[in-house]
Amino acid sequence: MFRRPDGHVARMLTIAGSDSGGGAGIQADLKTAHQFGVYGMSVVTAITAQNTVGVQAVYPLPAEIVRAQFESVRDDLGFDAIKTGMLGDRAAIHAIADALAGVDCPIVVDPVMIAKGGEALLQPDDVAAVIERMLPLADVATPNAPEAERLTGIPVRSLADAARAAEALARLGARYAVVKGGHLDGAGDLAMDVVFHGGAWTVFAAPRVPSRKTHGTGCTLSSAIAAALARGARPLEAIAAAKSFISRAIASAADWDVGSGHGPTDHSQCPVFPDHIEAGRMYVFDGRQFAEAALPL
Ligand SMILES: Nc1ncnc2c1ncn2[C@@H]1O[C@H](COP(=O)(O)OP(=O)(O)O)[C@@H](O)[C@H]1O
Ligand SMILES: Cc1ncc(COP(=O)(O)OP(=O)(O)O)c(N)n1
């Protein structure tokens with residue numbers, strides 16, 4: 001396990017839903033934390049009956065047990081970074097936001113709304129609570145394109161749209177706003193994620209893998225960012241390391257036969273931490289290392 005400069009083992013908490021299929025949610029987050037050498041803990045907000053074909057049932061847990069899990073881990077184990085994913089219902093969102101207002105570590109908010117198969121993981125009426133309560137807490141927010149659209153009202157089809165939406169998310173309170181590019185039209189050969197922070201855009205890209213094995217990619221990216229932050233990485237370095245991890249995880253699982261639908265990614269990867277990341281540039285990960293390129297915006 002990775003030790004922080006004061007000698008303690010790096011710790012990450014995920015507050016998210018359970019995916020019985022093991023590719024997304026809590027299960028993906030804990031596997032990812034482990035691969036970063038970070039001790040993972042969980043607060044379960046909802047239980048889903050889910051596999052690679054779809055989501056068969058969703059059961060949000062009461063706010064009281066969500067709060068109790070959080071207090072249990074906070075009062076004994078502590079954490080160096082927190083990631084939130086599927087949040088359950090509005091009562092749980094308020095309980096989580098109240099609890100997080102008192103913490104002193106980086107928070108990654110992945111505003112999970114819809115599963116790959118189209119099933120709702122957040123009721124549309126609860127999106128306002130995510131905007132009002134969760135985005136202002138986010139050191140890093142990581143919506144995909146449809147989620148960024150719902151949060152900002154900006155249609156997100158292209159990289160330029162994603163860049164505008166990322167800037168709007170920063171106005172809503174996210175310190176680093178990452179709009180993920182898995183769903184962008186005409187994105188070509190690269191899967192490009194755009195980050196807005198402090199008036200500048202930075203793009204992280206990797207070859208787009210022609211694969212259906214992309215279940216849980218968003219959960220994995222956001223927990224990888226949180227795990228890197230728990231090790232003490234700076235935000236852009238953490239996002240880069242997460243990009244390397246998810247890119248390797250997707251590429252490695254492309255020929256897997258786990259499930260008959262959108263299969264999971266291969267979490268048994270090692271992240272690559274780049275030496276130096278500068279805002280306002282593009283970085284392309286080729287599976288081994290990052291290369292710098294001009295910003296395509
Ligand atoms: N086919 C793919 N090949 C390579 N990277 C991908 C692919 N699909 C998604 N990604 C990357 O996986 C991460 C999650 O993206 P996305 O699919 O947009 O999120 P979500 O799973 O939340 O819908 C992003 O870094 C994105 O660029
Ligand atoms: C329990 C649970 N949480 C989140 C998701 C969505 O995960 P994501 O990484 O966005 O991946 P896909 O659903 O798009 O494959 C989930 N499915 N279940």
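Residues numbered from 1 in each chain as written. Chains lettered and ligands numbered in written order. Predicted model: local features only at pLDDT ≥ 70, side-chain atom pairs only at ≥ 80, totals over all residues. Heavy atoms only, no water.

A. Region of the structure containing the site of ligand 2. Gln 50, Lys 116, Gly 216, Gly 218 and Cys 219 are the nearest of the 16 residues found near ligand 2. Computed on the free molecule, ligand 2 has an accessible area of 420 Å², of which 97% lies beneath the protein chains in the complex. Broken down by secondary-structure element, the contributors of at least two residues to the shell around ligand 2 are β1 (11-19) and α7 (217-230). For the shell around ligand 2, the element with the highest residue contribution is α7, accounting for three residues. Per-class residue counts for the shell around ligand 2 are six nonpolar, nine polar and one charged. (Near = heavy atom within 4 Å. Areas by Shrake-Rupley, 256 points an atom, 1.4 Å probe, with all protein chains shown as cover. Helix = DSSP H or I, 4+ residues; strand = E, 2+ residues; numbered from the N terminus. Nonpolar A, V, L, I, M, F, W, Y, C, P; charged D, E, K, R; others polar.)

B. Region of interest: the sheet that holds strand β11 (residues 290-293). In spatial order, the strands read β3-β2-β1-β4-β5-β6-β7-β8-β9-β10-β11; together these 11 strands make up an open sheet with mixed pairing. Pairing within the sheet leaves two strands with one partner each, and these edge strands are β3 (55-60) and β11. Here β1 pairs with strand β2 (residues 39-50) via nine bridges, running parallel. Note on β2: the bridge partner recorded for Asp 19 is Thr 48. (Pairing = 2+ DSSP bridges.)

C. Region of interest: the nonpolar core. Formed by 53 residues in total, the largest nonpolar core has its most connected members in Leu 13, Phe 70, Phe 79, Ile 82, Leu 100, Met 134 and Val 179. Once residues within four sequence positions are removed from consideration, Ile 82 is found in contact with Leu 13, Ile 15, Phe 70, Leu 100, Val 103, Cys 105, Pro 106, Ile 107, Val 108 and Ala 226. Among the nonpolar cores identified, the runner-up in size contains 37 residues, and Phe 36, Tyr 176, Val 195 and Ile 246 belong to it. (Core = buried A, V, L, I, M, F, W, Y, C linked by side-chain atoms within 4.5 Å. Buried < 20%, exposed > 50% of the residue type's maximum accessible area, 1.4 Å probe, protein only. Contact = heavy atoms within 4.5 Å.)

D. Seen up close, the pattern of salt bridges. In this structure the tally under the stated criterion is 13 salt bridges. Residue Arg 11 is joined to Asp 80 by a salt bridge in which the shortest nitrogen-to-oxygen separation is 2.9 Å. Here Arg 11 is found in strand β1, whereas its partner Asp 80 is found in the loop between α2 (63-76) and β4 (81-84), with 69 residues between them in sequence. In this structure, the salt-bridge partner of Arg 234 is Glu 237, at a minimum N-O distance of 3.0 Å. Classification of Glu 237 as buried rests on a relative accessible area of 16%. A single network of salt bridges, built from pairs that share partners, joins Arg 4, Arg 11 and Asp 80. (Salt bridge = Lys/Arg side-chain N within 4 Å of Asp/Glu carboxyl O.)

E. Highlighting the pairing of strand β8 (residues 190-197). Within β8, six of the eight residues are buried, which leaves the element mostly enclosed by the surrounding structure. In this structure, β8 lies alongside strand β9 (residues 200-207), joined through eight bridges in antiparallel fashion. Across the sheet, Leu 190 pairs through a bridge with Pro 207, a residue of β9.

F. Up close: the pairing of β1. Most of β1 is tucked away: nine of the nine residues are buried. The parallel pair β1 and β2, bridged by helix α1 (residues 25-35), forms a crossover whose chirality is right-handed. Summarising the sheet, β1 and β4 pair through four bridges and their orientation is parallel. Bridge pairing links Leu 13 to Ile 82 in β4. (Right-handed = clockwise from strand over helix to strand, strands pointing away.)

Such coordinate-based values are descriptive only and should not be taken to indicate function.
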